[in-house]
Each structure stands twice: as structure tokens, then as C-alpha cells.
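# Observations on the model geometry
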Amino acid sequence: MSAMATASMQRRLRPPTTLLGWIGVAILGVLAVLAILFVVRFWDGLIQLGEWFIFFAATRPYIILGFAVPIGFGALCGVMCERSGVVNIGIEGMMLTAAFVGFLFGAYLHEPLGHVPAAIVGVGFAILAATLLSTLHAWLAITVKADQIISGTVINILALGGTAYFNQLLVSTAGVSGARTLPRNVLSLPPEVYQVPVIGPVLNAVFGQGPIQMGLIFAVIFLQVMLFRSRWGLRTRAVGEHPKAADTVGIDVIRVRYRNVILGGVFAGLAGAYLTLESVGSFQDGMTAGIGFIALAAMIFGRWSPIGAFIAALIFGAARTLGQAVQISAPPGELGQAIASWPAQWFGMFPYILTIIVLAGVVGRAVAPAADGIPYDKESRS
Amino acid sequence: MADDPRQTPSPEPSPPPGSSPGITRVPDAHTLIEDAVTFAGAGGTTIDPSVAARAVAPALEMRGITKRFPGVIANDSIDIEVHPGEIHALLGENGAGKTTLMNILYGLIGPDEGEILLDGEPVTITGPADAIARGIGMVHQHFMLVPVFSVAENIVLGNETMGTGPLLDAKAAEERIHTLAEQFGFQIDPAAKVGDLSVGLQQRIEILKALYRGARVLILDEPTAVLTPQETREIFGVLRRLAAEGTSIVFISHKLYEVLEIADRITVIRRGRVVGQADPKTATEEDLAEMMVGREVSLVVDKTPASPGDVVLDVTGLTVTDDRGTVVVNDCSFQVRAGEILGIAGVAGNGQDELVEALTGLRRTRAGRATLSGTEVNNRSARELSGRGLAYIPGDRQRYGLVLPYPVEDNLILTRYHQQPFSRFGVVDAGAISRNAAERIPEFDIRTPSGTVPASTLSGGNQQKIIVAREFSRPIVLLLADQPTRGLDVGSIEFIHKQIVAKRDAGAAVLLVSAELDEVLELADRIGIMYRGRLVATLDAAGAEKEKVGLIMATGDAGESGERARVQA
Amino acid sequence: MTSETGPGQGGMSLNPTSLLGTDRGLGRQFTSTVVAILLGLIVGALLIWLSSALSEDGFQLDLPLAAYLSLLQGSLGNERGWANTFNAATPLILTGLSVAFGFRAGLFNIGAQGQFFLGAFGAAILGTTVGIPFPLHVIWTLVGGFLFGAFWGFIPGLLKAWRGAHEVVVTIMLNSVAALSLNWLAGVVFRDPAATFPRTSDVEGSALLPILLEGTRMHAGILIAVGAALAVWFLLFKTTLGFEIRTVGANPSAARYAGIRPARITVLTMSLAGGLAGTAGAIEILGITKNYPAEYNTTYGFDGIAVALLGRAHPFGVVGAALLFAVLRAGSGAMQRETGIPVDIISIVQGAIILFVAAEMVIRRFLPGGRRATGGAAAAPSAA
């Protein structure tokens, strides 16, 4: 009984049985040999390059963190949903909508209200917008019991079209200029703190940037503790693993799922708000560009735990950073020159390729919560 | 007493001719009160105190419970009462309505009519939380335990001990569990992961869960379905102890001998109605079976002795691993001859599933071989095996045997769609498929409006008949039947058993794998007992004693005395 | 007896037949589809009213009607409109088939977008070969586009079959990888030096699709698309391979027992689906753009998902849904010109239609007999 259900999802490595399989293995083998040769030949250069990047990252960790913030918040949204048993691939759409709504309010209101208050209002509405979408997803997934991937896709389609439409209608034609971003250094730590070696840049990355970026660290810690040490977390995980068991001890599975999915929208909203109100300051159609899906990969990579997702987000952020790093400070050595000559698109591809590698399970298995994606049917007789 | 408000007019009980002692038709507590009154009234005899006491305050009473689902009345005006400290068995076959009744009691669903009384007080149970609060605990047929959680987490779920703020207090929970467990003689480790524990242990945890919440009425739904006879005896000990301490126990089962052993009283349900009560001291299995099914049921299949021919399936040294790489079939060897049924008994999880998968081409073997009529068949494809005359009735019919959304006619050719006449040169012949269906449906008594309805609309028994029809419609050399009658009604069980015996008589070799020891004892000519991946004993069915078989199933010790057979808890 | 203490598969699994309601009668499916379309149009009307209220001209009650009428006029009112409609329908049919085909095997092919680009690029390159005469060149280029797209579908299929990597996220990642790498290839490596913006060279005349209607841009792609729909229909419902594909989609475990190898079907299905989307891209190049621009950003691949959902993953439904969306698309330009409504509203209408398709399943669940038809532990009397 156990065999086939698990076999079809994640398979252990087995010797191939077909010709095609052997060809695949042969190709992989050749690639592996080439990779080994490459590493051996360019060992020194690689070390140099590594040092360069680490130095870069250490002195400017805010760049990595900056990329990691939307991924991280998106991943937290995913964790909230999937730990409760609801698959959410609409994070992308929620983020995009939040980004647009936040920008809209921030841009329209910065005249009457002033920059910072307008931005704050924008964040509030961004969260609201994302939460509305997550409520829709919750309704479709939990009550309607539609397939959760289709539900998420619908949200993505609606978000893409909706933001483009309203962008055209309300922003571009109305001639509204960019919103200002949320201020840095909200905690007002003196700038000397950031000059301290090693710790200083890290503190800068955490406290010296905008409030949303700061909020990510706290959100991760808070969620990690709550998920594994609190009553809410225990019940949530039970609902995601074995909802029938939770039901029979009196836990309201439907309510738990609704609450968590809707709250997950808050995180997606923060991610979107960050993009337009803390990072870029303007909105472009489709600006999320797949971040929502990278967030899903980060969640899987992080084994559905908040801290794991955060670390994964940092790694993905680092992948994206590489492209920027090359432009800001020239990497050393012949390898460095080679890399510097790479077209920008290659760097852009890193996070996506890294995600695929993660999903292919090269970096270990990933087991989702057992009831993930299965709508809960109270009257089902099993 | 005549003005007792709880009295409702009861129907005149009329014992049918030839009813055996100990069986009363349609009694209820109110008749008992009447009896007591009659006793008292007629000649000044004192009221029999036990009668009066029993009639006064049942711990649990369900009156006139009716529940309808689309197309079926699951519970039809059911009356049942349980006294404090009583073990009351609810007996009925699959589909009789027992679980529905208990789901109503537990608040998972609401009754359409009727009322529930606890200690004489009418209550409305709004949900499981409410039921738990009122002292009703339920141990479900399929365990409601989260495999990745620890024992402690599972027990406290929904009833957590809180520490500071929203955080849990794990230590306090573990202490409480320890205390409770000792009180009832359990041995458990609160930190162990439930998924790693044996089935018997998991069940104890389920009971502990209920006790932790102060259950005074404990409902057990088919508790012994997954236990060996030894584990069953242990659980019975636990139950008797609980009952002695005042817990009322409702024991749902369809197993006649168990019910006779453990229960103080038995209520028999059939097709949603109470058909009668039984006194275990005087009733026999035949009586109970008749009440359950409503007609004379022969508990033993009519079967001529086998005349085995040549060896058809020869398994030598077969070793198979599961998905995680653990060896679960370990150097297993046995033979099945034409014209005989070899029944493999064993507690679920001793490698039977993987053995069956290996023999049907669905799982690779690591070592050893299996030959079918002399040809080596391990590690061949399922398709090739079926071409060589292997027929397979899968254990989980809805997952492996049928494509539920497909029409019946497509399911009937599911394994032969690629062959003529159903397809030629890669193109499917719809006409041939429907002609085939038109023949098979009457031949195998498949109750379905037509061949084009989805298989999902058929009952379990008829779904199984589709599989049987499909597998039996070609020459069979070896029939592999895995849990062939799980979850079926008695009529379908009879049908399938007859078909299997017929195939045996027609010369096929039959390998029967079943977790229902009764089925194996009934059908098999020879019995093999599977323990930790190998066949540790093979006996002739004719002389086999159930207890002995159960012992070997639990310990893997063939031919040792009972002293050594102590199950590690 | 193994007691199932927990639910089975977990993760994102798809059962197309119960999911898309294809196990119910065609009549019921049709009515619910029509209802969803109407509701989507109503949502569009609401938005139009909203935008008119916000505009300088003030609120106009008849604006939605006028907008829709001008849309229909634009797409079906004249020869050019018809041409645009059929031209728009062609890639939609093919990408819709691509996604629908995947659905049937239980696979969610969101990668139609990337596969489309691969096929388009492949056609753009192969089409520039000089010296191959007319019909052969077109065929050769289309086949090439199919193969390029099939390759891009093969990768996620292989990863899923071999490593269990879920195709949803993998294909989405591959979409971005495709866009970025083709951006570079078309803008740098294969760039046409004489072009004003980064793109590949124009394909040879011998590779262009013939025009069907004189004086318009309507090309023969529509014939290929409809032909593909027929071919897919035949494959799925009349051949043993189609039986295997549908069985894997409906119940992979039973399929294994029936002798089908789900891994093989997965890879094959994703490859074919990729090929269909790739053909869509190739036709776009050979019929419309005639080269591959580095910043190529059509959404046909993405729209294919909506088409497949609306068409209930059935080839003929896909054709119908594609035509509907094509009408909306082709006429949106005229609508914007004449009434000032931005064309993006069509995306919202599409999204709303899909939303209502997804939501109509709630009606299904509560209708009598609805639960039985969805399979699972359905038949009530057999349970205790």
C-alpha cells in the first residue's frame, strides 16, 4: 500500500531501466566530469572570486537582504498557508496587487499627507489588498474546494490584468509621479554603529534600512516560535498533517485554515509594499517577475519552517546579488573578468536555475505537510 | 412509576417462533420498567433490585435516532442504552449504520430525529468539543493520530496545557500523561513519535487521549481490526479494568466471537435498525449472525477438499525492500499448487504488501526468484505477468483496481485495453468495449444501471465485482487475491468467496492474502503465516486452531509454548 | 489490514476529470460555462462603469454596451476583424491544447509561455536558412518550432518523472529562464545587425505562412491550429496512448497496475504539450512578426491556461474558448479607440470568467448526486 503513493511523488535514485534513462545518466556524468575538471583547473581563481563575493556581501549585506525581503515574506505567506494544508501559488498575484495598491495610495496621498504618512497609509492598504485576495483564495480552496493550484492561478491572472488596467487608468494617464519610499533608519541608531567592522554592516542591514526589511527578521523569529511552541502552532500543524484527527478533538479545521490563509496575506502584502514603497518607489506592470514563485521554492528549500525559508531567501537573494555585485565592484582575476563580461541576463537567471536545482531534490528531499492541497470534507467517511 | 415521564409506549414484543433463549426481540428500558412494575404489582413481590437499578439511570441513552443521507436511511429510529460500567457491544455488518450512530453521539454529525440522554438528562451535542466536554470519548476505526507528532502532542491536541502566554507547557503535559498512563497500567513514552509506534500502541494512545479528557463514556469503533489475538486480549483486559472503574464502554464490531467474549450486552443493528438485543452468556455466533444478516448464514464456505496438482507458483528466497530501503520481505519461500488455496495470514505490515507487489510486477525484488509455471517472473512487468495467466485482485480497490471516474465498461477492460479486440493498431474500438461490458455485467451480477456510468457510483461490493469480472474473464493460472472482501457487505463477501473457490476448483492456484484471520481460516486449504518478511509456518487449514495461528502471527514463533508468547507492549 | 492513519498524497496533485467537471454531462458543463462567461462580462461592465465614473466625461450608463458592441464590431464586423480574430485564436488554440493536454495526464503545464518562446525562437532561426523552397521550408520550420517547444516541455517532464519535482514551479522558473536566455540570444548572438531594435533577422519569404484571405493578414495558422485540435482529440479519446494518458491523469496507481508506466507518460505528455505550445510560437513568427524580438513579451502562453480551463481541457472546448478570447482580444483595440476603455480590461474579464469557472464547482458539490460523481469514498451505503 505504501509503495505507489510515495513512489510517484519523490523517487529515490535508482539505476535507470530505459535507454533514455541511461542517456540521461551519461549526460549527467559527462557534465559532472567537466565540472570537476573546471573546479580543479580554476581552483585559485574560484577562491579569489569567493572571497571577493563574501567581502562584497559582508560590507553591503543590505543588498542581499533587500533582495531577500520580498522572497522571505512571500515564503512566510507560503508557510502559513501550506502548514495549514492549503497550497498557495497565488502569492505572486497577491504581492503584485499589494505593490500596486501600496504605490497607488502612497503616490496619491503624498501631496496632502506628506511622504512618510502617505507611505504608511500605502502599506496599510497594500496589506489590505493582499489580504482580500488571500481571503478569496481561502474561500475558493476551503469552501468551494476548487483545486488550489487553479485558485492560485486565477488570482495571478486577475492580479496581472487588474494591476495593469488600473495602472493605465489611474496612474499613467493621470500623470501621478512616483511615490516616495519609506524612510531608512527608523530606529535612529547613530551612524557610527554601522561603521563597526563585521557587526556594523549586519546591523545596518537589519536596522538601518526600512521598517519592512527590519520587520522580516522579527516576523521570522516570531513565526518560528509560534509555529513550534504555541498552541496555535500545534493546532495549525495538526490541521495541515491530519485534519480529521484535529476535527475529532474539537478543533475547527475550517476556521483554522481560513484564519491562517487570510493572515498569510498580510505577509504577501508586506512583500508587495516593500517593492514599491521601500525599495523602488514606482510601479511597473508585472514587476514581481516571478518573486512569488521563488518564494515558494524558498519555502520548500527551507522545509516549510520560517527560519529555513528565511535562510533560503537569503541564499536566493545572494544569487540575485551576484549580478549587481559585478557591476558595482569589478571581480578579480581572469575568472572575474570572464564573469564581468557575462551578459546581465545570465545573472538574472541564477535564482530561477537555483530553484529548479532545489526542486529536483538534488539538495535533499522535501516532504510537505501530509494534508497539503487536499480540501477538508467534514462528512467524508474515512 | 406508572407516571414515569420517561415512559414511552413501547411496541408489544412478540417473540417469533423458535427463538433461542437469550435473544429478545426489540426490548427497551421501558419494557424493563414495565416488567418491574408488573412484578411488583402481581402479588406483592419485591421489585428485582438489579432490574430496577438498571432501569433507573443509564449512563448513555439514545432514543429514536434517525439519520438520512441522500438515497439511504443510515439510522432508522434506533434506541440504545448503556449502563455505567457496562461494556455494551454494537454489532452489525459493514454498512449497518453503527459508525453513523456513533458519529452522531460524538457530535461529528447531527441526527435528523431523536434525542440523546446522558445520565438521564437530554443533551444536544454540538460537536466533538462538546462531546468531549460531556465526557464522551471516541476511539475511531482509523486512528486519528498525527504521525509526525509525538505521543504527548497527540494526546494534548485540542486540550493543551499552557505555559506563558500563548506558548505550550510541554513538561506539565508529559507529567500528566505519565500519571494517567500509570493509573491504567499503560507503558508509554510521551516523546516518541507516533508514526514509529506499533498499531497496538497507537490504539492505547487513542484510548489515553480519551481518558485524558475525562471520558466516562468510551466508544471504540472496530478496535480489534488491526490487532493480533494477543493484542486483542490485552485490550480487552484494559477495557474490563476501565469498566470496573465505572467507565461505560460502547464496543462497535462485526466480529461475533469477540463480541461474545467482551460484552455485557449486545445490541444488533441491521440496515440502520435495531433488530434485537442479545445476552452474551447465552447467545451463539449463529444466533448473532442470523440477526445481523437476517437469514440463515453459513459461516463456513461449502468447499470440497482440495486436490492440488503441480506447483504453479514457486517462490524461493525472495527478498524485497520497501520505499525507504528497508528489507521487508526477507528470504521468503513458499509454493502454491494448482487447485489449492494458500492463505497467507499475518498482522498487517509484515511484508505482505510488498510481497504482493513483487509478485504482481509492481515492485522490484532484490534477491531470490519467483517462477510461474516454471518461468521466472520476478522483475517482469505487470502486463507481462497478466499475459502469463496471473490474475490480481488488489487490496485497495479504489486506488489500484479501478479508475473511479471512468465508466464501468472501461474499467472492465482496464488491463486489456491495448489488446485485440479492444484496440487495433493503437486505435480503440468502442463497440468492442461496450459489447464486452454487456456480457460481463450480467455474468458477474454487477448491479449497475448501465456500462457507461462512472464506477464511482457503484457500491463497494459491485466495484469489487467489476475487478473480479475483469480478472476472471481470461484463463487464469494463478489468482492473487489481496484483502478481497475488505469493507464489503455479507452478500458480496459470499459471492467473492464462492468465485475464488470456483477458480480453485477449475484448476487455478490461488494465493490469498488477508488480514482477516477468519477469511483465511475459512477459505484456505493451507495456511502460511507471515512474520517479519518470511513465511514462518505453513499448516493445513483443516486442523488449524485459531489461537495457535494467532500466536504465531504475533510472535513468529512456530511450535513454542504459550509461555514464551508475551507481546512486547 | 493497514489502517490509514493519515491522508495520502499531499502536495499538489491534480485530477482533471473530477476537477474540471468533465465527468458530468456535456449539457451541464455547457450551461455552467456560458454562465461563467456572462458573469465575467458583467464584471467587465462593472469596471467600465467604474472607469467612466472616474473619467472626465462622467458616468455613462450605456458605456459597457457601447464598449462591447464596438468590440464585437472590431473583431467580427469586417474582413480585417475576422482576420485578426482568427490570427489571435490560432496561438490561443495551440497553447490551450498544450495546457489541456497536460491536464489530462494530471499535469499542470504553466510553462506554455516558455515553450511558446522556445518554439518562436527556433522558427525564427530556422526560417532564416536560405535556399529551401516554399512549402518545405514552412513545414521544416514549423517542425523545428515544435521540437524546440517539446524540448522545453521535456525538461520539466523529466524532472517530475524522475525526481518528483513539481511541474508547476519548475515550469514557471523555466519560463523566466527562457525569456532571459532568448533575450540574450536574440539580442546579442543572433541579432540582426541592420535592425533598429534588438531582434533576429527576418525569416525568408519561403518560410512564411500563406495568407488565406486576400487583402488581410489572416494566415494559414488557423488551419494548423484546428487540425491540431482534431489530432489531439483523436489521440486522447480514440487511441490506446490517449487511454493511457487519461488513465494516468485519473488514477496513477491503477494505471501502473494496468501496465502503464506513469513516468513514461509524464515525459511524453509534457514533451508533446511543449511541442504544441512551441508550434504556437512558431506560427506567430511565421505569420505575424517574422522575426524574434529580444523583448518579445506576448502572453499567449499564459492565456493558454485560461483557455484550457474554460474549455474544460477538451480539445473542442479549447477551440471554442480560444475563439471567444480571440474575439475579445481582436476587438479590444477598436473598443479602446472608440470608447477609450483600456485594453487591459480584457485581461480582467478573462480572469473573472476563469474565477467563475473555478467557483461553479461549489454548485456542483451541493447538487444531488454531485458528490457521488466525484469519486472517492463516494457510495454512501458501503461505509459503516
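Since we're looking at a predicted model, the values are computed, not measured. (Residues numbered from 1 in each chain as written. Chains lettered and ligands numbered in written order. Predicted model: local features only at pLDDT ≥ 70, side-chain atom pairs only at ≥ 80, totals over all residues.)

Residue and element names in this part refer to chain C. With 30 residues, helix α6 (residues 134-163) should reach 44 Å at 1.5 Å per residue; the first-to-last C-alpha distance of 43 Å fits that figure. Within α6, 21 of the 30 residues are buried, which leaves the element mostly enclosed by the surrounding structure. Positive backbone phi, approximately 70°, marks Gly 164, located one or two places after α6. (Helix = DSSP H or I, 4+ residues; strand = E, 2+ residues; numbered from the N terminus. Expected span 1.5 Å × (residues − 1). Buried ≥ 20, exposed ≤ 12 C-beta atoms within 10 Å, placed from the backbone.)

With that settled, consider the sheet that holds strand β3 (residues 72-82) of chain B. Residues and elements named next belong to chain B. As summarised here, the arrangement of the four strands in space is β3-β2-β5-β6, forming an open sheet in which the pairing is antiparallel. Among the strands making up the open sheet, the edge pair consists of β3 and β6 (121-123). This sheet shows a mean twist of 30° between the axes of neighbouring strands, independent of strand direction. Sheet topology places strand β5 (residues 113-118) next to β6; three bridges connect them, and they run antiparallel. Considered in β6, the bridge of Leu 118 is made with Glu 121. Packed on one face of the sheet, helix α3 (residues 98-105) meets β2 (60-69), β3 and β5 and runs near 115° to β2. (Pairing = 2+ DSSP bridges. Axes fitted to C-alpha atoms, helices over the stretch in contact; angles between N-to-C directions. Contact = placed C-beta atoms within 7 Å.)

Turning to the packing of helix α8 (residues 221-238) of chain C against helix α9 (residues 240-250) of chain C, a few remarks are in order. Residue and element names in this part refer to chain C. With their axes 5 Å apart at the nearest point, α8 and α9 run at an angle of 75° to one another. Considered as vectors, α8 and α9 are oriented roughly perpendicular to each other. Of the residues in α9, those in contact with Leu 235, Leu 236, Phe 237 and Lys 238 of α8 are Leu 241, Gly 242, Ile 245 and Arg 246. A per-class count over the contact of α8 with α9 returns five nonpolar, one polar and two charged. (Parallel < 35°, antiparallel > 145°, perpendicular 65-115°, else oblique. Nonpolar A, V, L, I, M, F, W, Y, C, P; charged D, E, K, R; others polar.)

Residue and element names in this part refer to chain B. Each domain of chain B was delimited in the assignment, giving domain 1 (83-110 + 122-292), domain 2 (307-389 + 475-557) and domain 3 (405-473). At the junction of the two partners, domain 2 supplies eleven residues and domain 3 supplies seven residues. Ranked by residues supplied to the side of domain 2 that touches domain 3, first place goes to helix α17 (residues 490-505) with six residues. Residues belonging to the side of domain 2 that touches domain 3 are distributed by class as follows: four nonpolar, five polar and two charged. (Domains from an automatic or database assignment.)

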